[in-house]
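Working through the structure, step by step
Each chain is listed here by its residues.
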Amino acid sequence: KLAAEVSTAVEEQNPNKITVDNPTIAKNYGSNKAPTDISLQAQSVDVEEINENLSAGSVIGVLSASDPNENDTVRFELIGNSADLFELKIDWDVGENEAKVVVKAGATIDHEAAEQISLTVRATDKLGKSKVETFTVQVKDVDEDPSATVSSATVSQGEQLNVDLGVTDPEESD
């Protein structure tokens, strides 16, 4: 509901005539309540786990929130370390009060560095009321191929080839 109040000035010399000098309109939105029920979902299932090594732009889920005030809209913001790893995208295929969470360019999602990530979100309605919620997302370990580097190789004619080979496996247990 939107109610408006108009302040007027009554001219004392002619009480039958009302003049309005610089009217003031005060909007009354009633009692504004903060957004509620922030959720992070991927294909109708709560996001609890993502694969490591996701590329930039990979969608990890869709944020949504509701607001108890009729026809109120919600805007999302990633706060804290979440903003270093992810960003929000608003596309034509997400609904009102929704935003896609995608991996930010240059971010590294690595199980060996962090087995879980905290994703902190602020949902704010158009009158400034907000709710903050933190989601804990597990980073799934993906079996990565070992890499090999040759630090030196020497051979003389008629002799055996000597190679210093270093092999690194990102998986600590492999």
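In short, a report on the structure. Please read these numbers as outputs of a predicted model, since none were measured by experiment.

A separate point is a nonpolar patch on the surface. Taken together, the side chains of Val150, Val155, Leu161 and Val163 define a hydrophobic patch exposed on the protein surface, amounting to about 360 Å² of accessible area. Examined against the element boundaries, valine 150 turns out to sit in strand β12 (residues 147–154).

The next thing to look at is the nonpolar core. Grouped together as the largest cluster of nonpolar side chains are 23 residues, with contacts concentrated most on Leu63, Phe76, Phe86, Ile109 and Leu119. Elements supplying a minimum of two residues to this core: β3 (36–42), β6 (59–66), β7 (74–79), β9 (98–103), β10 (116–125) and β11 (130–140). Element by element, the count of residues in this core is highest for β10, at four residues. For phenylalanine 76, the residues in contact, after removing those within four places along its chain, are Leu63, Ser64, Ala65, Leu88, Asn97, Glu98, Ala99, Val121, Arg122 and Ala123.

With that settled, the discussion passes to the environment of aspartate 67. Secondary-structure assignment places aspartate 67 in the loop between β6 and β7. Its relative accessible area of 13% is what places aspartate 67 among the buried residues. Once residues within four sequence positions are removed from consideration, aspartate 67 is found in contact with Lys33, Ala34, Pro35, Asp72, Val74 and Asp125. A polar atom in the side chain of aspartate 67 sits 2.8 Å from the backbone nitrogen of asparagine 69.

We note that aspartate 37 has phi near 50°; this positive angle belongs to a residue other than glycine. For aspartate 37, the position within the fold is in strand β3.

With respect to the helices and strands, asparagine 32 occurs in the loop between β2 (18–28) and β3. Residue asparagine 32 is classed as buried on the basis of its relative accessible area, which comes to 16%. A polar contact is formed between the side chain of asparagine 32 and the side chain of aspartate 125, at a distance of 3.2 Å. Those residues in contact with asparagine 32 that sit more than four places away from it in its chain are Asn69, Asp72, Asp125, Leu127 and Lys129.

This part takes up the pattern of salt bridges. Tallied over the entire structure, the rule returns three salt bridges. We note a salt bridge from glutamate 77 to arginine 122, for which the minimum N-O separation is 2.9 Å. Of this pair, glutamate 77 sits in strand β7 while arginine 122 sits in strand β10, placing them 45 residues apart in sequence. Taking relative accessible area as the criterion, glutamate 77 reaches 32% and is therefore assigned partly exposed.

Tracing the sequence through the fold places aspartate 84 in helix α1 (residues 82–85). With 24 residues separating them in the primary sequence, aspartate 84 and threonine 108 have C-alpha atoms 9.6 Å apart. Beyond its immediate sequence surroundings of up to four residues, aspartate 84 is in contact with Lys104 and Ala107.

A separate point is the sheet that holds strand β5 (residues 49–51). Sheet strands line up and pair through hydrogen bonds in the backbone, either parallel or antiparallel. Within the open sheet, the four strands sit side by side as β5-β11-β10-β7. Their pairing is mixed. The open sheet has two edge strands with one neighbour each: β5 and β7. Strand after strand, the sheet turns through a mean of 35° between neighbouring axes, direction not considered. The pairing of β5 with β11 spans three bridges and is classified as parallel. Residue pairing in the sheet places glutamate 49 in a bridge with glutamine 138 of β11.

Rules used throughout
Residues numbered from 1 in each chain as written. Predicted model: local features only at pLDDT ≥ 70, side-chain atom pairs only at ≥ 80, totals over all residues. Heavy atoms only, no water. Patch = residues over 30% accessible without salt bridge, like charges linked within 9 Å, V, L, I, M, F, W, Y side chains within 5 Å. Areas by Shrake-Rupley, 256 points an atom, 1.4 Å probe, with all protein chains shown as cover. Salt bridge = Lys/Arg side-chain N within 4 Å of Asp/Glu carboxyl O. Helix = DSSP H or I, 4+ residues; strand = E, 2+ residues; numbered from the N terminus. Core = buried A, V, L, I, M, F, W, Y, C linked by side-chain atoms within 4.5 Å. Buried < 20%, exposed > 50% of the residue type's maximum accessible area, 1.4 Å probe, protein only. Contact = heavy atoms within 4.5 Å. Polar contact = N/O pair within 3.5 Å; in protein donor to acceptor, adjacent residues only side chain to side chain. Pairing = 2+ DSSP bridges. Axes fitted to C-alpha atoms, helices over the stretch in contact; angles between N-to-C directions.

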